[in-house]
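Overview (structure and organization)
Below, each chain spelled out in residue letters.
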Amino acid sequence: MKLTLALVKNHLRLPDGYTDDDERIEAFMASALREVADRLCLSTDELAPDGDVPDYAIAPVLMVIDRLYNYSSHVSTVRPYDVGEGLQWLLNLNRDYSK
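So, here is what we can say about the structure in this document. This structure is a prediction, so every number in the text was calculated from the model and none was measured. (Residues numbered from 1 in each chain as written. Predicted model: local features only at pLDDT ≥ 70, side-chain atom pairs only at ≥ 80, totals over all residues. Heavy atoms only, no water.)

Turning to the environment of Met1, a few remarks are in order. Considering the arrangement of structural elements, one finds Met1 in the segment before helix H1 (5-11). Met1 sits in the partly exposed class, given a relative accessible area of 48%. Sequence separation of Met1 and Asp55 is 54 residues, and the distance between their C-alpha atoms is 6.3 Å. Those residues in contact with Met1 that lie beyond four places of it in its chain are Leu7, Gly51, Asp52, Val53, Asp55 and Ile58. (Helix = DSSP H or I, 4+ residues; strand = E, 2+ residues; numbered from the N terminus. Buried < 20%, exposed > 50% of the residue type's maximum accessible area, 1.4 Å probe, protein only. Contact = heavy atoms within 4.5 Å.)

Since the α-helix packs 3.6 residues into each turn, any two residues three or four apart lie on the same face. The end-to-end C-alpha distance of helix H2 (residues 22-39) is 26 Å, a good match for the 26 Å that 18 residues give at a rise of 1.5 Å each. Buried within H2 we find Asp22, Ile25, Phe28, Met29, Ala32, Leu33, Glu35, Val36 and Ala37. A positive phi of about 60 degrees marks Cys41, the residue just after H2. (Expected span 1.5 Å × (residues − 1).)

This paragraph deals with the nonpolar core. What tends to happen in soluble globular proteins is that the nonpolar side chains get buried as a cluster. Core analysis: the biggest nonpolar cluster contains 25 residues, and Leu3, Val8, Val36, Leu47 and Ile65 have the highest contact counts within it. Of all the elements in the fold, those that place two or more residues in this core are H2, helix H4 (55-70) and helix H5 (84-92). The residues contacting Val8, other than those within four sequence positions of it, are Leu3, Ile25, Met29, Leu62 and Ile65. (Core = buried A, V, L, I, M, F, W, Y, C linked by side-chain atoms within 4.5 Å.)

Right, let's get into the side chain of Lys9. Within the fold, Lys9 resides in helix H1. In this view, Lys9 contacts Leu14, Tyr18, Thr19, Asp22 and Ile25; residues no more than four positions away in its chain are not counted.

In structure tokens, the structure reads:
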């Protein structure tokens, strides 16, 4: 599945036509892909060749983006929630432990 800006903005429940944070969201998308790939002991190219993210990794990537976006200083002053355990549980289902 392609990880697109439109998919992420829909996940974040941003209004149609809202573009103020597009660059920030795209940076968060790259960071989230790196974090998920790192937790799976993969490179981002191995995780998402040609930009296609495996279905099993979409939810974890969106969880990380949600955390980064909704708890960044421009949106909230509340301390970010930790997605570590839930994220790791989802990823452990598909991690190749031989690497």
